[in-house]
Amino acid sequence: MGLQVGDPAPAFSVKDQDGNLVKLSDLKGEKVVLYFYPKDNTPTCTNQACNIRDNYGALLKKGYKVFGVSPDSEKSHQRFIKKHNLPFPLLADTEHQMVEAYGVWGEKTMFGRTYMGVLRTTFVINKKGIIEEIISKVESSKHTDQILGKTE
């Protein structure tokens, strides 16, 4: 059984695209959105990131700090941000510290092939560091609505 709503969010300390260390402990008192995605510059991941980008103002208005998280490198994240003009940081979880702590590294199947990878999942964390929402059925083109609770 993985993380549940009401659980404390697992601590992390990883670098963003510019090499700055980001720690959950430094975000206490902030509402945080951590969205885990498999790979920079792939169609669904790009669609998801651009949906968040296009609705970023609404997330800021609600007081959220948004972080994308994938196992890609800092350089890959820099290219992804530049190519798609993303206004939020991307965390480079190259050692799988976060994906494993948050339980989003798992078995996937595509085109009949089974492999290990990031399970697209978003965690909304409240100001006290408690998981407020877990979105495991992510709709990439409507993801901001899911985060803000506007889904049907």
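The coordinates are above.
Below is a short write-up of the structure. What you see is a predicted model, and the numbers here were worked out from it, not measured in a lab.

## Here we look at the packing of aromatic side chains
Part 1 of the reasoning: A full pass over the atoms with the stated rule returns seven aromatic pairs.
Part 2 of the reasoning: Judged by centre distance (5.0 Å) and plane angle (65 degrees), the ring pair of Tyr102 and Phe123 falls under edge-to-face. Here the residue Tyr102 occupies a position in the loop between helix 4 (97-101) and strand 6 (105-110), and Phe123 occupies one in strand 8 (residues 121-125), the gap between them amounting to 21 residues. Residues Tyr102 and Phe123 agree in their burial class; the two are buried.
Part 3 of the reasoning: Ring pairing ties together the aromatic residues Tyr35, Tyr37, Tyr56, Phe80 and Phe88, which thus form one cluster.
Part 4 of the reasoning: The residue whose ring lies beneath Lys31 is Tyr64, and the NZ or CZ to ring-centre distance is 4.7 Å.

## Thoughts on empty space enclosed by the protein
Unoccupied space between atoms shows up once a probe the size of one water molecule is rolled over them.
Part 1 of the reasoning: Counted according to the given criterion, the structure contains one cavity of 30 Å³ or more.
Part 2 of the reasoning: The calculated volume of the largest cavity comes to roughly 40 Å³.
Part 3 of the reasoning: As for the largest cavity, its lining consists of Leu24, Leu27, Lys28, Glu30, Val32, Ile125, Asn126, Lys127 and Gly129.
Part 4 of the reasoning: Its residues assigned to classes, the lining of the largest cavity shows four nonpolar, two polar and three charged.

What counts and how
- Residues numbered from 1 in each chain as written.
- Predicted model: local features only at pLDDT ≥ 70, side-chain atom pairs only at ≥ 80, totals over all residues.
- Heavy atoms only, no water.
- Phe/Tyr/Trp six-rings, centres within 6.5 Å; stacked < 30°, edge-to-face > 60°.
- Helix = DSSP H or I, 4+ residues; strand = E, 2+ residues; numbered from the N terminus.
- Buried < 20%, exposed > 50% of the residue type's maximum accessible area, 1.4 Å probe, protein only.
- Lys NZ or Arg CZ within 6 Å of the ring centre and 35° of its normal.
- 1 Å grid on protein atoms, 1.4 Å probe; cavity = no way out; pocket = protein on both sides within 12 Å on 5 of 7 lines; lining within 4 Å.
- Points joined across faces, edges and corners; volume = space filled by probe spheres on them.
- Nonpolar A, V, L, I, M, F, W, Y, C, P; charged D, E, K, R; others polar.

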